[in-house]
Amino acid sequence: MAILSALARSVLRGVLPYPDLPRRIRVRRTARTLATSSLLPRDEEQVTGEHFARLALLRLLFLQRETRRAVRMRQREAAALLARTGIETCILGLWCLLIPGAAAKLRASEFKTGAAMLTFLSGTGLISQQLIRQAVGALGEPQSLPGVRTMTEQIDKKTSATLAIHLYDVAYRPASQYFTHATNSALRRHVTTDYGYKSRPANSWVRRAPVRLVDACVGVLAGAIANDLEVPGELFVQYGEDHAKRVLPPLLATIGKGMGRQLRWSGIVAMLNEARATRAYLAGVGAADTPEEREARLRSMYDSLLIRLEISDVPPDAFRPVVDHFIAVALVEWNDEQPHQLTQPLPGSGEQPTP
C-alpha cells in the first residue's frame, strides 16, 4: 500500500498550510537584489541571456505578489492564470540563461510578431501589409521561438535535472487545459454534478496551488541565476524545491473533490477501514493464501471504491488498467516484504516460484 501512502502524502502537502513568511521575505529581497545588480546595456545587441533571465525574475517577483493578492481575494480564476503565466516566465528565463543563442532568438521573434501587431494598419488603407513586412524585415530576420515544452526539455537536458519538466507536467499543461484555453475540460467546468448548468465554473485547483507554483518558480529561476553568477544560491534552491513538491496537480484536485462529494465522511471512513483491513490481511491472514486469492481480495477493495463513487459516465475499461496496475504494485510490495517465503509469481505471468 506504499503507493496509496505516497498519494495521501502528496495530497496533504498540497492542501495543508505551509507557513513560510520569514523565508519568503528573505528570498524576495535577495532575488530582487540579484536581478538588479547590474544595469541593462543600452545596445540591444549586448543584451545577453543573463539579462533576459534577470528581467524574467523581476516579472516573476511581480507575478508572485499579484498571485498571492488574487488568492487572498478569492479570485481563483485570476490566480490560476497568473500562476500559469509565472511558470511560462520561469521557463523562458531559464531557457535564455542556459541555452546558447537563446537571447538572439528571443529578439528575432519580436520581428515576426511585430508585423502581426501592425496588421491593423493595413485595414485602415493607409499602408499595405507588404510595406509593413518590408519595414519590419529591415530590423532583422524573423524567427519563431520553440514551444514551451521544447524549451523545458532543452533546459533539463542542459542541467541534467528534472524539476522544470516536473513543473511543466504538474502545472503548466493542466492549467492551460483547465483555465487558459477553450477546451472540453474548461467548458465542462460549467456543468453541475446533476448535468445542469452554472455560470460560475467549478474550481479545478486547490486554493493554495497557484501561489506555491509561483513561489517554486521564483526559487528555481533565482537559484539558476545565482549559480550562473557563482554567488550563494542554496536559499533559492531549497525554497524552490520545498514549494514545488507542494503543488497539487489540477486533475488530482478535481478527482479528490469529486470523490469527497460522492463518498461523504461516512463513505471515506468506510473505505479507510476497508483499506486497513486489506492491509492487515496481506500482512498476516493472507500470507498462506494463493496469489489468486490475494489478488481477489485486493480487487474487491477497488471494486467497492468504484461502486461507492457511482461513476457512470466513464466506461469500466478506462479504470481496469489503472486498477490492475495498483494491484500488481501491491502484490509486488507484499512479495518484497515476505523474504522468508517463496516468492510467488503474479497471476498469469507464467513464471515459477523462486526461493
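Residues numbered from 1 in each chain as written. Predicted model: local features only at pLDDT ≥ 70, side-chain atom pairs only at ≥ 80, totals over all residues. Heavy atoms only, no water.

Regarding the packing of helix α2 (residues 21-35) against helix α11 (residues 209-229)
Okay, so step 1: At a closest axis distance of 10 Å, the pairing of α2 and α11 adopts a crossing angle of 45°. Classed by the angle they form, the pair α2 and α11 counts as oblique. The two elements α2 and α11 meet at a crossing, and its hand is left-handed. Contacts between α2 and α11 pair R24, V27, A31 and L34 from the former with D215, V218, A222, I225, A226 and L229 from the latter.
Okay, so step 2: Of the residues contributing to the contact of α2 with α11, the split by class is eight nonpolar, no polar and two charged. (Axes fitted to C-alpha atoms, helices over the stretch in contact; angles between N-to-C directions. Helix = DSSP H or I, 4+ residues; strand = E, 2+ residues; numbered from the N terminus. Parallel < 35°, antiparallel > 145°, perpendicular 65-115°, else oblique. Left-handed = near helix turned anticlockwise from the far one by under 90°. Contact = heavy atoms within 4.5 Å. Nonpolar A, V, L, I, M, F, W, Y, C, P; charged D, E, K, R; others polar.)

Examining a positive patch on the surface
Okay, so step 1: On the surface, a cluster of positive charge is contributed by R74, R76, R200 and R207.
Okay, so step 2: One can find R200 in the loop between α10 (184-187) and α11. (Patch = residues over 30% accessible without salt bridge, like charges linked within 9 Å, V, L, I, M, F, W, Y side chains within 5 Å. Areas by Shrake-Rupley, 256 points an atom, 1.4 Å probe, with all protein chains shown as cover. Salt bridge = Lys/Arg side-chain N within 4 Å of Asp/Glu carboxyl O. Lys, Arg positive; Asp, Glu negative; His and termini not counted. Charge placed at Lys NZ, Arg CZ, Asp CG, Glu CD.)

A look at the confidence of the model for the protein chain
Okay, so step 1: Per-chain confidence: the protein chain averages 81 in pLDDT, with 72% of residues scoring 70 or above.
Okay, so step 2: Here helix α13 (residues 250-283) stands out as the element of the protein chain with the lowest mean pLDDT, 65, in contrast to helix α3 (residues 49-72), whose mean of 97 is the highest.
Okay, so step 3: In the model, residues 340-344 has pLDDT below 50 throughout and makes eleven contacts with residues more than four positions away in sequence or in other chains.
Okay, so step 4: Across residues 346-351, confidence stays below pLDDT 50; counting only partners more than four residues off in sequence or on other chains, it has seven contacts. (pLDDT = per-residue confidence, 0-100.)

Focus on the nonpolar core
Okay, so step 1: Judged by nonpolar contacts, the single largest core of 55 residues is most densely connected at L167, W205, L213 and L221.
Okay, so step 2: Looking at this core, the elements that each hand over two or more residues are α2, α3, α4 (76-98), α5 (102-117), α8 (148-159), α9 (163-180), α11 and α12 (234-244).
Okay, so step 3: Looking at this core element by element, the count peaks at twelve residues for α11.
Okay, so step 4: If we skip the residues at most four places from it in the chain, L213 touches A83, I87, L167, A171, W205 and V247.
Okay, so step 5: Grouped together as the second largest cluster of nonpolar side chains are six residues, L298, M301, Y302 and L331 included. (Core = buried A, V, L, I, M, F, W, Y, C linked by side-chain atoms within 4.5 Å. Buried < 20%, exposed > 50% of the residue type's maximum accessible area, 1.4 Å probe, protein only.)

Let's talk about empty space enclosed by the protein
Okay, so step 1: All told, the structure shown has three cavities of 30 Å³ or more when counted by the stated rule.
Okay, so step 2: By volume, the largest cavity amounts to about 70 Å³.
Okay, so step 3: The element that contributes the greatest number of residues to the lining of the largest cavity is α4, accounting for three residues.
Okay, so step 4: For the lining of the largest cavity, a count of residues per class yields seven nonpolar, one polar and three charged. (1 Å grid on protein atoms, 1.4 Å probe; cavity = no way out; pocket = protein on both sides within 12 Å on 5 of 7 lines; lining within 4 Å. Points joined across faces, edges and corners; volume = space filled by probe spheres on them.)

Looking at the layout of surface pockets
Okay, so step 1: If you add up the space inside the second largest pocket, you get close to 350 Å³.
Okay, so step 2: Together, 19 residues line the second largest pocket, and L94, T159, V220, G223 and A224 are the ones closest to its centre.
Okay, so step 3: When residues of the lining of the second largest pocket are traced back to their parent elements, those giving at least two are α4, α8, α9, α11 and α12.
Okay, so step 4: Looking at which element gives the most residues to the lining of the second largest pocket, the answer is α11, with six residues.
Okay, so step 5: Here the lining of the second largest pocket is composed, by residue class, of eleven nonpolar, five polar and three charged.

Here's the deal with the environment of I165
Okay, so step 1: Inspection of the secondary structure assignment puts I165 in helix α9.
Okay, so step 2: By relative accessible area, I165 is classed as buried at 18%.
Okay, so step 3: Not counting residues within four places of it along the chain, the set of residues in contact with I165 comprises R149, T152, E153 and D156.

Thoughts on the pattern of salt bridges
Okay, so step 1: Scanning the entire structure with this criterion turns up ten salt bridges.
Okay, so step 2: With its nearest N and O atoms 3.1 Å apart, the salt bridge here joins R149 to E153. Remark: E153 and R149 occur in helix α8; sequence separation between them is four residues, near one turn of the helix.
Okay, so step 3: With relative accessibility at 26%, the residue R149 sits in the partly exposed group.
Okay, so step 4: E153 sits in the partly exposed class, given a relative accessible area of 39%.
Okay, so step 5: With its nearest N and O atoms 2.7 Å apart, the salt bridge here joins R149 to D169. Of this pair, R149 sits in helix α8 while D169 sits in helix α9, and the two are 20 residues apart along the sequence.
Okay, so step 6: Take D169: its relative accessible area is 36%, and that puts it in the partly exposed class.
Okay, so step 7: Each of D20, R23 and D242 takes part in salt bridges that share partners, so that together they form one network.

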